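As a plain string of letters, each chain reads:
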Amino acid sequence: MPTSEPESESTSQSSAAGPAALASLTSLAQEADVGLLDPLPAGTRAAVQSSDGAYLRHLLRIEAQWTSVLADHGITTREHAEAAAAAADPAEYDLLSLAHAGQDGGNPLIPVLKAMRAKVSSPGAIHIGATSQDIMDTAMMLMATDVSATILSDVRAAVGSLAELATEHRQTPMVARSLAQHSLPSTFGLRAAGWLSGLAQAGRRLEAATAELPVQWGGAAGTMAALAGRLDRESRQGTLAPGVDAFTLVEDLAAQLGLAAPAGPWHTNRLPVTGVAAALADVVAACGKIANDVLISARIENGELGEPLAAGRGGSSAMPHKQNPVLSVMIHAGALSAPGSLAQVLTAAGAANEERPDGAWHAEWPALRQLLRTAGGAAARTAELVGGLRVNTEKMAENLNLVGPLLVSERLMAELAPVLEEQAGGEPGSGKARLQQIVDRSLAAGGRDGGAGESEAGFRALLRAELPASVTDAELDGLLDPAHYTGEAVRLVDRMVAEYRGFADS
């Protein structure tokens with residue numbers, strides 16, 4: 001019979017320290033999750049607004065507000081409503097205990113309601129005609145409203161900064177890159193305007209998605225049976241005013257909470273949630289695009305952009321010479337993680353079954369909250385990033401000239417190939433072929449003026465030797481100047497800034 005393995009030192013120490021370690025962790029868990037492993041939203045207003053404490057506050061507020069609505073219509077007493085309001089202080093509740101107790105019923109509202117009822121003399125006056133999902137979904141809508149307002153404030157600030165950047169640098173030449181290679185001349189203003197356009201569009205989508213978030217109220221199975229039954233009894237007793245029905249009460253609650261009153265419950269139609277989630281993911285994607293461009297342009301070999309300088313930020317623990325673009329790194333990380341959260345929300349919506357999903361609804365909660373936090377962090381960091389972005393126009397000009405006049409080969413094909421073709425007797429395609437030969441010879445010899453061998457004369461000299469005298473030196477120099485081939489960049493900047501200026505100022 002084999003003997004058991006001796007207990008390892010690590011296992012022994014862990015077991016011995018188990019109770020003490022658990023007690024220490026329990027104490028730490030009572031503090032808010034401060035974001036050690038999620039630095040993007042850490043310390044932001046959005047993180048506070050999406051915390052467990054904030055969600056608890058919404059749950060308690062809805063229960064108290066609903067009791068007040070019932071009191072307004074004589075279904076319960078004003079004293080009961082005042083008691084419910086007094087019991088709605090989240091500071092009087094133990095979040096850790098509620099989280100643990102929530103496992104027994106599969107949702108946190110059950111222990112929250114139990115604890116709230118324990119604080120009043122008439123517990124039956126709270127939660128009349130409601131179910132857990134009514135309170136929880138409505139609380140999530142309130143939380144999404146709060147966080148989205150914060151996100152939109154940061155997005156507008158970022159759009160305003162980008163409008164200033166784009167306008168200031170509308171004629172600042174830089175190289176455009178496609179598939180990681182130099183492609184054509186452009187301007188930094190146009191790149192900034194592209195950032196602005198994407199972020200403003202995402203902001204408008206979030207604004208639209210959260211403009212009329214609905215209250216959820218359907219009772220245990222979406223029929224509102226418990227509430228309708230209670231109102232029927234009140235009506236028979238003569239205590240209910242004529243014309244008051246379940247929809248009247250829900251509409252009153254929605255108005256007092258600042259939410260929309262839908263035609264009916266949406267407990268298994270998760271479109272209100274997926275709409276918010278998709279808009280949040282759009283915000284993160286737009287921020288991610290900006291961060292990705294900054295990360296590339298901030299590389300030492302590029303040196304075109306630099307993040308805002310702040311004491312103690314961006315340093316390396318091992319390499320003192322480094323100034324890491326940490327704002328962009330955090331935003332980039334958020335852009336990589338947000339699609340997974342969105343996919344979880346959409347998967348949960350598609351898996352919703354019957355009148356109360358058995359797990360799909362539950363999977364939605366952490367994913368939506370993570371999207372709120374990620375978008376909140378991305379918007380806040382992006383506003384800081386673009387608000388203090390350092391632009392090195394000299395490096396932009398230097399990088400623009402790395403390829404030299406070959407960068408405008410597209411223009412040369414359009415302008416000079418017909419000239420070379422006519423010079424060759426009009427043979428179709430001959431002009432393009434001759435120009436391609438000149439480009440190839442220049443690239444083979446070093447690619448830029450001053451290169452080795454045959455290219456010592458430079459691409460310009462090779463081209464000049466092939467062109468007729470009808471193309472003057474001044475015309476040739478103009479054609480070869482990258483700064484003179486930026487198309488409609490300036491007008492594009494002006495148009496894009498004008499289109500979204502109103503959003504930034506709203």
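Residues numbered from 1 in each chain as written. Predicted model: local features only at pLDDT ≥ 70, side-chain atom pairs only at ≥ 80, totals over all residues. Heavy atoms only, no water.

**Q** Explain the pairing of strand β1 (residues 173-178) to me, using residue names and the numbers behind them.
**A** As paired strands, β1 and strand β2 (residues 181-187) are joined by six bridges and run antiparallel to one another. Counted as the bridge partner of Met174 is Ser186 from β2. (Pairing = 2+ DSSP bridges. Helix = DSSP H or I, 4+ residues; strand = E, 2+ residues; numbered from the N terminus.)

**Q** Which residues make up the pattern of salt bridges, and what values do they have?
**A** If you walk through the whole model with that rule in mind, you get 17 salt bridges. Between Arg170 and Asp494 there is a salt bridge whose closest N-O contact spans 2.5 Å. With Arg170 in the loop between α8 (132-168) and β1 and Asp494 in helix α21 (residues 489-505), the pair connects residues that are 324 residues apart, well separated along the chain. With its nearest N and O atoms 3.0 Å apart, the salt bridge here joins Arg177 to Glu304. You can see Arg177 sitting in strand β1 and its partner Glu304 sitting in the loop between α12 (271-297) and β3 (305-306), a full 127 residues away along the chain. (Salt bridge = Lys/Arg side-chain N within 4 Å of Asp/Glu carboxyl O.)

**Q** I'd like to hear about a nonpolar patch on the surface, residue by residue, with values.
**A** A contiguous nonpolar patch, built from Val34, Leu36 and Leu37 and spanning about 430 Å² of accessible area, is present on the exposed surface. Given a relative accessible area of 56%, Val34 falls into the exposed group. (Patch = residues over 30% accessible without salt bridge, like charges linked within 9 Å, V, L, I, M, F, W, Y side chains within 5 Å. Areas by Shrake-Rupley, 256 points an atom, 1.4 Å probe, with all protein chains shown as cover. Buried < 20%, exposed > 50% of the residue type's maximum accessible area, 1.4 Å probe, protein only.)

**Q** With reference to specific residues and values, describe the environment of Pro468.
**A** When you line up the elements, Pro468 lands in the loop between α19 (458-466) and α20 (473-480). Each C-alpha atom of the pair Pro468 and Gln423 lies 7.5 Å from the other, and the pair is 45 residues apart in sequence. In contact with Pro468, other than residues within four places in its own chain, are Val419 and Gln423. (Contact = heavy atoms within 4.5 Å.)

**Q** Could you give an account of the packing of aromatic side chains, naming the residues involved and the relevant values?
**A** Inspection of every chain in the model, using the stated rule, returns three aromatic pairs. Residue placement shows Arg156 over the ring face of Phe503; its charged tip is 4.8 Å from the ring centre. (Phe/Tyr/Trp six-rings, centres within 6.5 Å; stacked < 30°, edge-to-face > 60°. Lys NZ or Arg CZ within 6 Å of the ring centre and 35° of its normal.)

**Q** I'd love a proper account of unusual backbone geometry, names of residues and values included.
**A** A positive phi angle is found at His127, which is not glycine, with a value near 75 degrees. Here His127 shows up in the loop between α7 (109-117) and α8. Despite not being glycine, Leu179 shows a phi value in the positive range, around 50 degrees. Residue classification places Leu179 among the exposed residues on the basis of a relative accessible area of 84%.

**Q** Residues and numbers for α8, please.
**A** Given a rise of 1.5 Å per residue, 37 residues ought to cover 54 Å, and the 54 Å separating the end C-alpha atoms of α8 matches this to within 8%. Of all 37 residues in α8, 28 are buried, a share of seventy percent or more. (Expected span 1.5 Å × (residues − 1).)

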